[in-house]
Amino acid sequence: MGLEIPKTWDELIAVCEKIKAKRETPFYLALKDALTALVPFNSLASNIQSPNFIEKRKTGKTSFKSEYNDVAEKIYKLTVLYII
């Protein structure tokens with residue numbers, strides 16, 4: 001398709017839109033089991049969480065809910081719009 005490898009979230013979404021415009025599916029995942037659903041979550045979560053998350057979590061300065069909301073929103077968007 002002549003697409004560039006995306007380096008940012010916005011670039012990834014733009015590539016997905018171009019793929020969809022050509023009536024193709026950007027991603028294919030089996031989401032029935034938690035194991036397969038963790039693939040995109042783990043990829044995003046490890047790159048989005050704030051620095052020193054574990055230390056902040058241990059001392060009660062942050063929570064999974066506050067830190068992973070962005071990850072959950074991105075996973076939702078990918079699942080609803082781009083995954084078959």
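Shown above is the structure to which this text applies.
Going along each chain's sequence as written, the residues are numbered from 1 onward. In view of the model being predicted, local features appear only for residues whose pLDDT reaches at least 70, and side-chain atom pairs are presented and counted only at 80 or more, with totals across whole chains, interfaces and linings using the full set of residues. Here the side-chain values reflect all heavy atoms present in the structure, with hydrogen atoms and water set aside.

Draft legend 1. Representation of helix 4 (residues 64-82) within the structure. For helices the rule is a DSSP run of H or I covering at least 4 residues; for strands it is a run of E covering at least 2, with both sets numbered from the N terminus onward. Helix span, expected: 1.5 Å multiplied by one less than the number of residues in the helix. Compared with an ideal rise of 1.5 Å per residue, which puts 19 residues at 27 Å, helix 4 spans 25 Å between its outermost C-alpha atoms and is within 8% of the ideal. Burial here depends on accessible area, computed with a 1.4 Å probe over protein chains only, as a share of the maximum for the residue type. Under 20% is buried, over 50% is exposed, and the range in between is partly exposed. Regarding helix 4, the residues found buried are Glu 67, Tyr 68, Val 71, Lys 74, Ile 75, Leu 78 and Tyr 82. Contacts from the buried residues of helix 4 go to helix 1 (9-21), helix 2 (34-48) and helix 3 (53-58). Contacts are assigned to residue pairs with any non-hydrogen atoms lying within 4.5 Å of each other.

Draft legend 2. The packing of aromatic side chains, seen in detail. When the centres of two rings from Phe, Tyr and Trp lie within 6.5 Å, Trp using its six-membered ring, the rings pair. Their planes under 30 degrees apart give stacked, over 60 give edge-to-face, and anything left gives tilted. Tallying each qualifying case throughout the model produces three aromatic pairs. Taking the centre distance of 5.1 Å and the plane angle of 70° together, the rings of Phe 53 and Phe 64 count as edge-to-face. Placement of Phe 53 in helix 3 and of Phe 64 in helix 4 is noted, with a sequence separation of 11 residues between them. Each ring, one from Phe 53 and one from Tyr 68, has its centre 5.5 Å from the other, and the planes form 75°; the classification is edge-to-face. Here Phe 53 is found in helix 3, whereas its partner Tyr 68 is found in helix 4, with 15 residues between them in sequence. Its relative accessible area of 16% is what places Tyr 68 among the buried residues. Each member of the aromatic cluster is reached from another via a ring pair, and the members are Phe 53, Phe 64 and Tyr 68. Two limits define a charge over a ring: the Lys NZ or Arg CZ must be within 6 Å of the ring centre, and within 35 degrees of the ring normal. Across the ring face of Trp 9, the terminal group of Lys 74 is positioned such that the distance to the ring centre comes to 5.1 Å.

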